[in-house]
Amino acid sequence: MSSEKPTMIEFKDVHKYYGDYHALRGINATIKAGEFFSLLGPSGCGKTTLLRTIAGFEGISSGVVLIDGKDVAGIRPNHRPTNMVFQSYAIFPHLTVEQNVGFGLRKDPRSKEDKARAVDEALAMVGLAGYGKRAAHALSGGQRQRVALARALILKPKVLLLDEPLSALDKKLRENMQVELIKLQRQVGITFILVTHDQEEALVMSDRIAVMFEGQIAQLDSPEALYRLPKTRAVANFIGTMNFLPAKILSEAGGIAEIEAAGLGRMALNVEKQVTGAVSPGGATVGFRPETATLLFDTQEATDRESMATVEEVVYYGDMTYYDVKLDGTAEPMRVSMRNVFGRPVLDIGTRTRVGWSPGALVLFR
Amino acid sequence: MSERQVRSRFWGSEAFSGLALISPTALYAILLLAAPLATTLLYSVFTDGYLVVIPHFQLCNYIGECRSQLADGTPSPDTYLGAWSDPITQALMLRSLNVSMLVTAMTVLLAYPVAYFVSFNVDASRKSLWLFLITIPFWTSYVIRVFMWNVMMSRTGVINSVLEGMGIISEPLQMVFTIQAMVVTLAHAYAPFAILPIFVALEKIDRSLLEAGQDLGETRFTTFLRVTLPLSMTGVIASVLIVFIPTIGDYVTPNLIGGGKIPMIANIIEKQMLKADNRPLGSAIAVSAMLVVGLISVLFLFLNRRYLKGQK
């Protein structure tokens with residue numbers, strides 16, 4: 001479905017230098033119209049810089065940025081079809097809420113009454129109906145963010161840029177706003193581009209995510225593909241938790257690799273959808289997510305394969321228990337998460353246990 | 001609770017240490033500011049005697065005709081006009097207002113671009129150097145700074161010599177002894193006072209607000225008009241008051257640059273206080289000038305009140 005959507009933004013080999021510092025190192029990506037797109041990465045990875053090149057606050061050193069098919073080089077922010085929600089929200093403190101929301105309507109040819117109605121509608125859309133006369137500096141963090149959203153959306157931009165808009169909010173409010181933003185995006189149908197360092201936020205909200213490290217896009221995929229089939233260990237580590245075990249590739253043919261992994265033994269892996277190519281000097285690695293393995297209690301049978309292990313650490317979370325278990329024949333403990341269903345005991349440290357796992361859940365890193 | 005406990009509680013309290021901290025300043029302010037001010041107020045409603053002030057209440061120093069007492073205690077045959085009745089005092093008050101408004105306008109208009117430049121265009125690591133350079137004129141005394149302009153602008157001064165030497169003028173320009181010369185001198189002397197508050201106000205502006213302005217369709221210039229300028233108005237207002245209030249009472253510049261020929265209100269106060277030995281009239285003029293400045297300042301603040309509301 002998403003492949004039918006037209007392209008909204010295209011980066012072609014975008015580079016950006018700050019003096020000697022190479023901030024963006026050859027960005028190539030396409031963002032589709034109506035998509036909720038996230039730029040995810042640790043601080044300093046270039047995600048905000050990339051967002052600001054779309055808004056026009058940063059020039060680029062080389063390459064091309066196309067917005068709706070048009071090269072935007074040299075076009076100032078005020079002439080771009082984009083609007084931004086700033087990390088600090090940038091609410092004008094000397095204006096009221098409605099003056100803030102109507103700030104961009106100065107050149108709008110509509111009548112005063114029509115503009116006032118548009119402001120009221122925008123405020124209602126973000127759940128701030130009736131707040132128009134309030135002084136902007138008297139608002140709470142969450143309200144400021146809604147004002148910033150209304151102020152940007154009232155101009156009906158082709159692209160809405162969000163620079164870590166939720167990072168200043170507390171956890172509960174943040175989770176509420178995530179859902180609200182998704183609903184809002186569906187309602188208005190505008191392309192949203194979100195910058196965030198919070199992998200959970202990106203997974204929850206996005207249609208597609210570009211994971212960035214050191215000025216490059218490490219992987220651009222749907223949330224599910226990113227989680228299930230990360231292309232590199234760095235991506236796997238940044239999104240959720242993954243256990244890694246050293247492995248040897250014994251043979252490979254027709255998308256099936258015969259490998260031997262420490263603690264797990266020999267197995268055949270379907271690597272059709274995974275990255276191919278030469279093995280890195282450090283050797284191959286297999287990874288699995290904590291929830292794809294399971295501790296086997298008493299007479300439980302493994303659905304697929306099983307290995308012996310010793311419990312090294314127990315972290316009890318109420319609904320879940322995280323076990324760090326050392327598989328026989330390995331050096332590092334693996335994390336396995338277990339749902340605390342009724343009647344299942346929490347194991348003690350030092351317990352010998354069987355770990356059930358499935359080759360289908362393993363990811364091979366070269 | 002015993003009295004002793006109460007007492008020790010007072011000596012150890014924060015309120016006491018606060019009072020102790022401000023007491024030298026408070027004492028200083030009371031002795032050197034409040035007491036002379038109260039004396040001036042009292043003198044302005046007393047009667048002028050020969051080399052003394054007689055504590056006899058009257059309002060004629062402000063309005064109407066007044067008589068001094070002679071050395072033998074009898075009223076003088078000659079009368080003088082009170083501050084608000086005397087056309088000369090009125091004229092000097094108007095001239096002082098005129099000069100200080102011109103000075104204020106010129107200083108603040110010239111100071112704003114400097115403050116803007118230092119705040120927005122100077123590299124963060126060099127800002128303190130720039131501020132330091134701006135305050136360098138304060139290293140020399142105020143009188144010398146004012147007199148320097150006399151050296152620049154007099155008939156045989158630097159400007160006239162250069163222009164004559166280059167053949168641009170054949171006769172020296174008359175610059176000193178004019179109101180314009182006084183305005184230039186005062187504007188220069190008060191420039192740092194105007195630059196610093198505006199600089200502080202500009203520094204406080206969140207730079208993302210300026211980006212937001214452009215993001216919402218404004219050019220850099222219209223963003224300045226709609227965002228930067230209103231947000232820096234607190235600094236502009238402070239600058240206006242800081243320049244306007246002292247220049248109205250300036251007394252050195254009319255003497256050194258005006259050559260005593262263009263006196264302002266402070267010069268006539270000095271004359272009444274010292275040469276004319278009429279301290280009640282001098283006090284009444286001083287109090288009147290203070291009232292005028294106070295009223296204008298309050299009016300100015302009132303007109304700009306929307307910029308002074310609490311902002312985060």
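The rules behind the values
Residues numbered from 1 in each chain as written. Chains lettered and ligands numbered in written order. Predicted model: local features only at pLDDT ≥ 70, side-chain atom pairs only at ≥ 80, totals over all residues. Heavy atoms only, no water. Helix = DSSP H or I, 4+ residues; strand = E, 2+ residues; numbered from the N terminus. Buried < 20%, exposed > 50% of the residue type's maximum accessible area, 1.4 Å probe, protein only. Contact = heavy atoms within 4.5 Å. Areas by Shrake-Rupley, 256 points an atom, 1.4 Å probe, with all protein chains shown as cover. Lys, Arg positive; Asp, Glu negative; His and termini not counted. Charge placed at Lys NZ, Arg CZ, Asp CG, Glu CD. Pairing = 2+ DSSP bridges. Axes fitted to C-alpha atoms, helices over the stretch in contact; angles between N-to-C directions. Domains from an automatic or database assignment. Buried area = accessible area lost by both parts, 1.4 Å probe. Salt bridge = Lys/Arg side-chain N within 4 Å of Asp/Glu carboxyl O. Parallel < 35°, antiparallel > 145°, perpendicular 65-115°, else oblique. Left-handed = near helix turned anticlockwise from the far one by under 90°. Nonpolar A, V, L, I, M, F, W, Y, C, P; charged D, E, K, R; others polar. Expected span 1.5 Å × (residues − 1). Polar contact = N/O pair within 3.5 Å; in protein donor to acceptor, adjacent residues only side chain to side chain. Patch = residues over 30% accessible without salt bridge, like charges linked within 9 Å, V, L, I, M, F, W, Y side chains within 5 Å.

Caption draft 1: The overall build of chain A, seen in detail. Each helix and strand in chain A was counted, giving eight helices and 20 strands. The principal-axis extent of the C-alpha atoms belonging to chain A is close to 75 × 50 × 40 Å. Expressed as a percentage of its 366 residues, the buried residues of chain A come to 48%. Restricting the contact set of chain A to residue pairs at least 6 apart, pairs at least 24 apart contribute 66%. As displayed, chain A offers around 17,200 Å² of accessible surface, 49% of which is attributable to carbon and sulfur atoms. The average position of the 44 basic charges and that of the 42 acidic charges among the side chains of chain A differ by 7 Å.

Caption draft 2: Examining the environment of Leu 97 of chain B more closely. Residues and elements named next belong to chain B. Structurally, Leu 97 is set in helix H3 (residues 87–121). Between the alpha carbons of Leu 97 and Thr 247 there is a distance of 9.0 Å; along the sequence they are 150 residues apart. For Leu 97, the residues in contact, after removing those within four places along its chain, are Phe 244, Ile 248, Val 292 and Ile 296.

Caption draft 3: Expanded view of unusual backbone geometry. Residue and element names in this part refer to chain A. Positive phi is not limited to glycine here, since Asp 13 has a value of about 45°. Within the fold, Asp 13 resides in strand S1 (residues 7–18). Judged by relative accessible area, which is 40%, Asp 13 ranks as partly exposed. The phi torsion at Glu 214 lies on the positive side, around 45°, for a residue other than glycine.

Caption draft 4: The sheet that holds strand S3 (residues 36–40) of chain A, seen in detail. Residue and element names in this part refer to chain A. Strands sit in the order S6-S7-S8-S3-S9-S10 across an open sheet of six strands; the sheet is mixed. Each edge of the open sheet carries a strand with a single partner, namely strand S6 (82–85) and strand S10 (216–221). For this sheet, the mean angle separating the axes of adjacent strands, direction not counted, is 20°. Of the pairings in the sheet, the one linking S3 to strand S8 (residues 191–196) comprises five bridges and is parallel in character. Bridging across to S8, Phe 37 finds its partner in Ile 193.

Caption draft 5: Structural context of the domain arrangement of chain B. Residues and elements named next belong to chain B. Taken domain by domain, chain B holds domain 1 (3–81) and domain 2 (87–307). Distance from the C-alpha centre of domain 1 to the C-alpha centre of domain 2: 31 Å. At the boundary of domain 1 with domain 2, total buried surface from both sides reaches about 1,100 Å², with 67% on carbon and sulfur atoms. In terms of surface lost to domain 2, no three residues of domain 1 exceed Tyr 43, Asp 48 and Tyr 62, which account for 33% of the buried area on that side. At the level of elements, helix H2 (14–43), strand S1 (47–48) and strand S4 (75–81) are the ones that each hand at least two residues to the side of domain 1 that touches domain 2.

Caption draft 6: Highlighting the interface of chain B and chain A. In this complex, chain B contributes 21 residues to the contact, which on the side of chain A involves 23 residues. For the pair chain B and chain A, the two sides together bury roughly 2,100 Å², of which 55% comes from carbon and sulfur. Put simply, chain B and chain A have two salt bridges between them. For Glu 211 of chain B, the salt bridge goes to Arg 52 of chain A, with nearest N and O atoms at 2.6 Å. Listed by contribution, the elements that provide at least two residues to the side of chain B that touches chain A are helix H8 (207–215) and helix H9 (220–248) of chain B. With seven residues, H8 of chain B is the largest single contributor of residues to the side of chain B that touches chain A.

Caption draft 7: The arrangement of the packing of H3 of chain B against H9 of chain B in detail. Residue and element names in this part refer to chain B. Relative orientation of the contacting elements H3 and H9 amounts to 140°, with a least axis distance of 8 Å. What the angle tells us is that H3 and H9 run oblique. The element H3 and its partner H9 pack so that their crossing is right-handed. Residues Met 93, Ser 96, Leu 97, Ser 100, Met 101, Val 103, Thr 104, Thr 107, Val 108, Tyr 112, Tyr 116 and Phe 120 of H3 touch H9, and the partners they reach there are Phe 224, Thr 228, Leu 229, Ser 232, Val 236, Ser 239, Val 240, Val 243, Phe 244, Thr 247 and Ile 248. Classifying every residue of the contact of H3 with H9 by side-chain character gives 15 nonpolar, eight polar and no charged.

Caption draft 8: Expanded view of helix H5 (residues 171–188) of chain A. Residues and elements named next belong to chain A. For H5, built from 18 residues, the straight-helix expectation of 26 Å at 1.5 Å per residue is met to within 8% by its first-to-last C-alpha distance of 26 Å. The secondary structure elements touched by the buried residues of H5 are S3, helix H3 (112–125), helix H4 (141–153), strand S7 (159–163), S8 and helix H6 (199–205). Looking one or two residues past H5, Gly 189 carries a phi angle of roughly 70°, positive in sign.

Caption draft 9: Spotlight on the side chain of Ser 239 of chain B. Residue and element names in this part refer to chain B. Within the secondary structure, Ser 239 sits in helix H9. On the basis of relative accessibility, which here comes to 0%, the residue Ser 239 falls in the buried class. Look past the residues within four positions of Ser 239 in its chain and what remains in contact with it is Val 108, Phe 193, Ala 194, Pro 197 and Ile 198.

Caption draft 10: Up close: the environment of Glu 65 of chain B. Residues and elements named next belong to chain B. Mapped onto the elements, Glu 65 comes out in strand S3 (residues 65–69). Separated by 14 residues in the primary sequence, Glu 65 and Thr 79 have C-alpha atoms spaced 6.1 Å apart. Here Glu 65 is in contact with Cys 60, Thr 79, Tyr 80 and Leu 81, once residues within four sequence places are set aside. A polar contact of 3.2 Å, which involves the side chain of Glu 65, links it to the side chain of Thr 79.

Caption draft 11: Layout of a nonpolar patch on the surface. Residues and elements named next belong to chain B. Together, Phe 117, Leu 129, Trp 130, Phe 132, Leu 133, Ile 136, Phe 138, Trp 139, Phe 193 and Ile 242 make up a nonpolar patch on the protein surface, roughly 910 Å² of accessible area in all. Here the nonpolar patch gets four residues from one element, more than from any other, and that element is helix H4 (residues 127–135). Among the secondary structure elements, Ile 242 is positioned in helix H9. Residue classification places Ile 242 among the partly exposed residues on the basis of a relative accessible area of 35%.

Caption draft 12: Quick peek at the sheet that holds strand S19 (residues 352–357) of chain A. Residue and element names in this part refer to chain A. What the five strands build is an open sheet, ordered S15-S19-S16-S17-S18; its pairing is antiparallel. At either end of the open sheet lies a strand with only one pairing partner, and these are strand S15 (294–296) and strand S18 (334–339). If you compare each strand with its neighbour and ignore which way they point, the axes differ by 50° on average.

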